Every structure is written in C-alpha cells, then in structure tokens.
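The primary structure of each chain is shown beneath.
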Amino acid sequence: LAVPAINLISQRDAIDVALRSLEHCANPPWTVNVSGPGHQVSAITHALGNALQCTPKLVGNEGTEAPLIDDNLCLTTFGQPRDGVVELINGVARWVESGGASWDKPTLFGSVNHVY
C-alpha cells in the first residue's frame, strides 16, 4: 500500500509491443513507454481476494505517491493491450490455486525512492 497505484501489463502484451516496435527503429532512436494502464493497488488486492474467495488483509497506510508511467504514445501507436486487469487478476488467481511456483522474492515495488 505504500505505493497506492501501479501500471499493469501482461508479459504477452509487453512482448507484443516489443516485437512490433522493431518497425519503428530509427537513428536517433524512437522511444516508447510500455507499461499498461494505472490501477489502484487496493482495488487489485480486493479483486484478487474475490477471485480467490478470501478477504485480503491490507497492512499499513496507503501512500500518496505513485510514479505511474505515461504510455499514451504506446496506446496511440499499438492500441489497447489485449489482456485487461480482470484477465490478469483471474490468471494470477488460477496460478495460485493450482499451486504455481513462487520464488518468494521481494519485488522492491513497495517504495518510491526515485533511484532508477
């Protein structure tokens, strides 16, 4: 909750854009942000809880800063991602329910430190 919102995109959509971006290679380089739309972490958490038929425990206070990425150039060039947030959440729920592997490693997405 420290970072209250995130950009969300499937690996399939990110790879699709990466491959289609090859048509835009240039010198100087053409740059595009590939990130997917922004979503509230608490809404994602509750939707995942619903999909898993459990109630999530939200710990800590919701932060005030979310470094969301502007991917308007990506959207106007390539269109909307094929996978929406509902499909992504349901996919994660199916993975968890089926005992899918987890490395249990920190993502470091839980803080905003402005070090990139």
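To be clear, the structure that these remarks concern was listed above.
Residues numbered from 1 in each chain as written. Predicted model: local features only at pLDDT ≥ 70, side-chain atom pairs only at ≥ 80, totals over all residues. Heavy atoms only, no water.

K.L.:
Quick question: what am I supposed to make of the overall build of the protein chain here?
P.N.:
Helix and strand counts for the protein chain come out as four helices and two strands. For the protein chain, the sequential pattern of α-helices and β-strands runs β-α-β-α-α-α. Taken across its 116 residues, the protein chain has 17% of its residues classed as buried. The long-range share in the protein chain, meaning contacts at least 24 apart out of those at least 6 apart in sequence, stands at 88%. In the protein chain, 6 side chains carry a positive charge and 11 a negative one; their mean positions are 8 Å apart. (Helix = DSSP H or I, 4+ residues; strand = E, 2+ residues; numbered from the N terminus. Buried < 20%, exposed > 50% of the residue type's maximum accessible area, 1.4 Å probe, protein only. Contact = heavy atoms within 4.5 Å. Lys, Arg positive; Asp, Glu negative; His and termini not counted. Charge placed at Lys NZ, Arg CZ, Asp CG, Glu CD.)

K.L.:
Please explain unusual backbone geometry as it appears in this structure.
P.N.:
In most cases, non-glycine residues show a negative phi, while peptide bonds are predominantly trans. Along the chain, Asn27 connects to Pro28 via a cis peptide bond; the corresponding omega equals 5°. With respect to the element layout, Pro28 can be found in the loop between α1 (11-20) and β2 (38-40). Its identity is not glycine, yet Gln53 carries a phi of approximately 55°, on the positive side. Tracing the chain through its elements places Gln53 in the loop between α2 (41-51) and α3 (72-78). With a phi angle near 50°, Asp104 is a residue other than glycine that sits in the positive phi range. Take Asp104: it is sitting in the segment after α4 (85-97).

K.L.:
Could you clarify how one ought to interpret the environment of Thr31 in this entry?
P.N.:
Its location among the elements puts Thr31 in the loop between α1 and β2. Judged by relative accessible area, which is 60%, Thr31 ranks as exposed. A sequence separation of 56 residues divides Thr31 from Glu87, and the C-alpha atoms of the two residues are 28 Å apart.

K.L.:
Help me out: how do you make sense of the packing of aromatic side chains in this one?
P.N.:
Each aromatic ring pair is specified by the distance between its two centres and by the angle formed by the two planes. With the rule as written, the count across this model stands at one aromatic pair. Ring plane angle 75° and centroid distance 6.2 Å describe the contact between Trp30 and Phe78, whose orientation is recorded as edge-to-face. Highlighted residues: Trp30 in the loop between α1 and β2 and Phe78 in helix α3, separated in sequence by 48 residues. (Phe/Tyr/Trp six-rings, centres within 6.5 Å; stacked < 30°, edge-to-face > 60°.)

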